Structure formats: C-alpha cells, structure tokens
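Remarks on the overall topology
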Amino acid sequence: MIPAPTRYERATDLDHAFELLAEPDAKAIAGGQSLIPVMKLRIARPSVVVDISRLELRGVEERGGELHIGPLTTWDDLTGVAHPGLEAIAECANGIGDVQVRNLGTVGGSVVHADPASDMPAVLLALGARLHVRSPAGSRELTVAELLLGPFTTSLGPQELVTDVVVPLPAPGSGSAYESVEHPASGFALAGAAALVTPGRETVALTGVSATPFALAAGDPRSAMAEAEIFGDRFASEEYRRELAVVVAERALARARERRGS
Amino acid sequence: MPDTVTFVVNGESRSLEVEGRTLLVHALRDGLGLTGAHIGCDTSQCGACTVLLDGRAVKSCSVLAQQVDGRDVTTIEGLASDGELHPLQRAFVEHHGLQCGFCTPGVILTAADLLSRDGSPSDDAIRHALRGNLCRCTGYQGIVESIRAAEEEAS
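Attention in this report is confined to the structure presented alongside it. (Residues numbered from 1 in each chain as written. Chains lettered and ligands numbered in written order. Predicted model: local features only at pLDDT ≥ 70, side-chain atom pairs only at ≥ 80, totals over all residues. Heavy atoms only, no water.)

A few words now on the overall build of chain B. The helix and strand inventory of chain B stands at five helices and five strands. The N-to-C order of helical and strand elements in chain B reads β-β-α-β-β-β-α-α-α-α. In terms of overall dimensions, chain B has C-alpha extents of about 50 × 35 × 25 Å along its principal axes. Out of the 155 residues belonging to chain B, those deemed buried represent 52%. Put simply, 56% of the contacts in chain B that link residues at least 6 apart link residues at least 24 apart. Side-chain charges in chain B split into 12 positive and 21 negative, and the spacing between the mean points of these groups amounts to 7 Å. (Helix = DSSP H or I, 4+ residues; strand = E, 2+ residues; numbered from the N terminus. Buried < 20%, exposed > 50% of the residue type's maximum accessible area, 1.4 Å probe, protein only. Contact = heavy atoms within 4.5 Å. Lys, Arg positive; Asp, Glu negative; His and termini not counted. Charge placed at Lys NZ, Arg CZ, Asp CG, Glu CD.)

Right under this line is the structure:
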C-alpha cells in the first residue's frame, strides 16, 4: 500500500532536525523499519518525514566504563558487540526481525517506537541502560523505564531526539542472555526475557507480556511474576503468557549464569 | 510536490521525480521500469521486493525513495554481467531453487548479502538469513541447496 501524502526533508545536523520537527505532526525517520510499515497502513500520517538517518549518531564506543551506542546504530551493527558480560546485546540483535530489517532498523528508532513486544528494551532494562535525549530546550537523561509510558507511547516531547544509549559495563565475572518465544508469523516476542548476572546481583527484564517492557522484582521469577500485570490476546492468554514469561526468564537466567566468567 | 532523487542503480546513475511518500519499490518499478523487485505483500513481511542498498539486503517497500539519494542500489536486473548469469542465478536454475519464481529475485539478493559476509555459511545460517523471504512453493529445501551450491562454486 502507498502511504498518505507527506513531505520528505533530510536533516543535516541536530539543530536542523529540531527545526524541521517543529512542524505539527512531523515525524523523525531513522531506519524506517517500524515507521514505514505503519505509514503504509496509514496508521501513521506524518505531515513531514524528517530523515535523521545521516546524522553522525551511529556506532558503538567503549568510554569511561560505559558502552555508548549511537541511536542510529543498526541491529546488524549490534550483532558485532562482543564485550564480556554484554552478550545479550548481540544475541538479541541477531534475532530481531530478519536480515533486511537488521540492515536498516536502528536501536534508537526501535526504542522510541515503544512497541510493547519489541525485544531490545528488555535487554536495555536488564543492563541498566540510560538514554541521553536532546531538544531545543536542552538535554536530559532518562532510564528506559522512564521513557516507556505505554504501548507506542513515550515521555519524549515532539522535538526531542535520543542522542546516546549508554550501557554501564558490568563488573568482571558477569554474564547476560536474551531468550524469547516468538509469534511465528510476526517474529515479535510472545514473551522475551533478558538477564544480567553479576557477582552481586541478578536482574531480569521482560517484554511482550505487558503494556511496556519492565524489570522484574528481585528474587525467584515465578514468585515475582505472580505479582506482575500481564495481558492476554487471541494468540496467547494471560495465563499462558505468565507461564511463558517464567520459562523464558528462567532460561535467560540459566544461560547468563553459565556465561559468567567464561 | 515532486522532488528529484538521484542514485546509482545497477552501476548507472539515474534521476527521477518522486513524491515524499514514494517507496523505493515504486520508484524502481514505475519510475525506472525495473520490475524484478516484486510486490508480494502490503505489510513489509514477504521480502519479494528485496534489493541491495550499498551491498546490504533491504526491503525496497520499506524505504522511501528519497532516502537512497546518492546511494547505490542493485536489483536482480543488475546481477548478471556481460550476459553471464551470476553464480547464484545459475545455481537456482540447476538446483531447483525456484518454482513459480515470484520470490526468487528477493531470495537471490538476500543470499548475495549473506555470501558477501560469510563465505561458508552453515545450513542454519542460510535458513536464518532467509527468515525475511517467504516462498510458498519450494519449502525452502531447494533454495538452501542452491545457495550452498553457489557458495561451493565460489570457494
């Protein structure tokens, strides 16, 4: 299908992007792998599409005990991340969509699209990632939990753009993993779990089972899940999803523990 | 209001007028007559429209034409050279890699991306790479065997 009429503008730098995004119903496009499909269905009808894909915000760099991931870094780029303890990043990226989506889809674009079944937010939550965002009003930093308010809804203002995804490097002897059970047609997670196991702590975050991905309360996944608010739909009932979430959480934890120190 | 987009297609620089909403697949098919990029779905899932953008497989139905301004696109029409089929094309003919052929251009370009990164992919890697290309005829076995044969010929 053909998208509704729109204009196309290419931003040359961040300030130019902010200026273009000032127009009502403007929408930023990076890889376009979430936005263009919904434009084709005419669910999204932006007045102007602001192409930010050529801004210099792509690449992964280790600096000051943190991994800085440019928001325009593609899933395919992320399959090459090989830092000890951060195994979940490449593992998750390699399972997202298909190779065509991974070649164009970006981490920043995906996170701000806020699909409740998107895989990577679970990994970013488990790893304790923070997002740097900027707008003409200035910059601020927020956690993934502070960004994601609900399905396809974030706390970003209309002119705010993510400029950095910051993942703290885990202590030596840590391991992480991502596990999911996918809907066979869409590939999105019916339940997905990311786990980070450090010498002092175990963290699990889930996606696909609730209005937003969320970090699980500490302790045994089964008891923690009993308290969580889970949704059901025609593909998977609430009861089934809750059970599936426990299964993927336990699998992710088991593999993250195996990877510790390896 | 139309804008002009200029990009390299199959080694040749081409310019055409497009709208802001024009998808790359429509620019290729309707603007440039390159109908090898097929439209098999409306939902960005089938991969029949796959082309190479700077050497990487992308779905041309999920890229705006203006996003490729100044970049390099290869369609199935650009794969053969000097009248000689590309090794992947030849392997698909010889190893029953296609039946109706509708998905084939996309499958072959996805395989070209795979083989450009991994000279000897495992069957699992081949099947993982084909995740975004739906084939309703072959059951994929012939496709996997064709890609394997092309890879062995190249090595």
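One widely used convention gives an interface's size as the accessible area the parts lose upon coming together. With 37 residues of chain A at the interface, the matching set in chain B holds 32 residues. Note on chain A versus chain B: buried area summed over both sides is about 2600 Å², and carbon and sulfur give 50% of it. Per-residue buried area on chain A facing chain B is highest for Tyr 8, Lys 40 and Gln 100 of chain A; these three make up 23% of the total on that side. Linking chain A with chain B are four salt bridges. The partner of Lys 59 of chain B in a salt bridge is Asp 98 of chain A, with the nearest N and O atoms 2.7 Å apart. Linking chain A to chain B there are 20 residue pairs in polar contact (both at pLDDT 80 or more). (Buried area = accessible area lost by both parts, 1.4 Å probe. Salt bridge = Lys/Arg side-chain N within 4 Å of Asp/Glu carboxyl O. Polar contact = N/O pair within 3.5 Å; in protein donor to acceptor, adjacent residues only side chain to side chain.)

This paragraph deals with empty space enclosed by the protein. All names here are of chain B. For the structure shown, the criterion picks out one cavity of 30 Å³ or more. Estimated volume of the largest cavity: approximately 30 Å³. Around the largest cavity, the lining residues are His 38, Ile 39, Gly 40, Cys 41, Cys 49 and Cys 61. Taken together, the residues of the lining of the largest cavity sort by class into four nonpolar, two polar and no charged. (1 Å grid on protein atoms, 1.4 Å probe; cavity = no way out; pocket = protein on both sides within 12 Å on 5 of 7 lines; lining within 4 Å. Points joined across faces, edges and corners; volume = space filled by probe spheres on them. Nonpolar A, V, L, I, M, F, W, Y, C, P; charged D, E, K, R; others polar.)

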